[in-house]
Amino acid sequence: MTEAPLDAARLSAAVVRPGGLWRSVEVVPVTGSTNADLLARAAAGEPEGAVLVAEQQNAGRGRLGRAWVSPPRAALTFSVLLRPAAVPRALLGWLPLLAGVAVAAAVRDVAAVDAQLKWPNDVLVGPAKLAGILAEAAGDAVVIGIGLNVSTGPAELPPPGPGALPATSLHLEGSQNLDRARLLAGILAGLERRYRTWSRVSGDTERSGLRAEYTGLCATLGRHVRVELPGGRLLDGLAAGVDPDGRLLVRMPPAADLPVAAGDIVHLR
C-alpha cells in the first residue's frame, strides 16, 4: 500500500512561518539522496532552514554505509539543513540524537506507536527498526537525513544485512494514522522546538532538557550490549548512560565506564 503524494504547499503552510526555523519545504518525485542534495546546497552557501523531501530515493544512505531503500510514497525520506553557529563543535554530536528524539516523539504522538531509540539515533519499535537518521557536515552546516517507514509492507522491506536490525513500518505496527504530511509536520515542529532550545543554551543538554528526554526514550540504556567498534574491536558490557558529549558509556568492571563515540550496538538478551 502507498499513500497519496505529498503536497508541498500544504506542508509549507503547516511549518513555514515568519521568524520560524524552516524557510522552505520542497518535495521532489525522486532523487539519489536528499542528504547529498542539501550538502551541495550548503557548500554553496544556502542558509539554514531548508527542508528537502523525496517521494523516492534511489541512492539513500544510512549509518556505516548501509543503503536505505523504500518504494515510492511508502516512507518519509527527507533532509534538513542547519547551521548551529551558537553551539561549540564538540557538542554537535548531539544533533542526530536530538533528531532521534523529535522523530520518536512525533511517532508516539501522531501515529500512537511506542517508538524508542537505540543509541545513537535508530528509531525502534520493539526489536525492529522503524527509522534511521544520518547527520553529515559541510563546513559550519549540518545536514540531517531521516528515513521513516510508513506504509511499507513486509515484502517491500529489505532483509537485514550483517549486524543490521530487522525493519518495520507504522503500517506493520498497526498504526491507524499513516498521514505522512501530519507526521512530517510533527517531526519538523518537534525538531525546531528542541533545536532552538538547545541552541539558546549553547548546546547544554542539561539546561535544555535534551539529555533527560533522550535517556527517557533510549532502549539501549540498562541493557547488556555488544559494541562493534571501527576497526573490528568488540566490547561486551552494560550500557550505563550517555555522557555530556552524547557518547555511550559502557560498563565493564572493574574498569571505569568506557565512552563510545562511534560503533554499532547490538542489544543482547
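Everything numeric here is computed off the predicted structure, so don't read it as measured data. (Residues numbered from 1 in each chain as written. Predicted model: local features only at pLDDT ≥ 70, side-chain atom pairs only at ≥ 80, totals over all residues. Heavy atoms only, no water.)

S.K.: Before we go on, may I ask you to explain the environment of W119 in this structure?
M.R.: Among the secondary structure elements, W119 is positioned in the loop between β4 (116–118) and β5 (122–125). Note: C-alpha distance between W119 and S151 (32 residues apart in sequence) is 25 Å. Polar side-chain contacts of W119 include one of 3.0 Å to the backbone oxygen of G246. (Helix = DSSP H or I, 4+ residues; strand = E, 2+ residues; numbered from the N terminus. Polar contact = N/O pair within 3.5 Å; in protein donor to acceptor, adjacent residues only side chain to side chain.)

S.K.: Is there a simple way to think about the packing of helix α3 (residues 94–111) against helix α5 (residues 210–217) in this case?
M.R.: Think of two packed helices as two axes; the pair is described by the angle between the axes and how far apart they sit. Interhelical geometry of α3 versus α5 gives an angle of 60° and a closest axis separation of 10 Å. With respect to their mutual orientation, α3 and α5 come out oblique. As for the relative orientation of α3 and α5, their crossing is left-handed in sense. Where α3 abuts α5, its residues W94, L97, L98, V101, A104 and R108 lie against L210, R211, E213, Y214 and L217. Each residue belonging to the contact of α3 with α5 can be placed in one class, and the counts come to eight nonpolar, no polar and three charged. (Axes fitted to C-alpha atoms, helices over the stretch in contact; angles between N-to-C directions. Parallel < 35°, antiparallel > 145°, perpendicular 65-115°, else oblique. Left-handed = near helix turned anticlockwise from the far one by under 90°. Contact = heavy atoms within 4.5 Å. Nonpolar A, V, L, I, M, F, W, Y, C, P; charged D, E, K, R; others polar.)

S.K.: Please explain the packing of aromatic side chains as it appears in this structure.
M.R.: Think of a pair of aromatic rings as described by two things: how far the centres are apart, and how the planes are tilted against each other in angle. Under the defined criterion, the tally for this structure stands at two aromatic pairs. A ring pair is formed by W94 and Y214, whose centres lie 6.1 Å apart and whose planes are at 90°; its orientation type is edge-to-face. Note that W94 is positioned in helix α3 and Y214 in helix α5, a separation of 120 residues in sequence. For the ring pair Y195 and W198, a centre distance of 6.3 Å and an interplane angle of 40° mean the geometry is tilted. (Phe/Tyr/Trp six-rings, centres within 6.5 Å; stacked < 30°, edge-to-face > 60°.)

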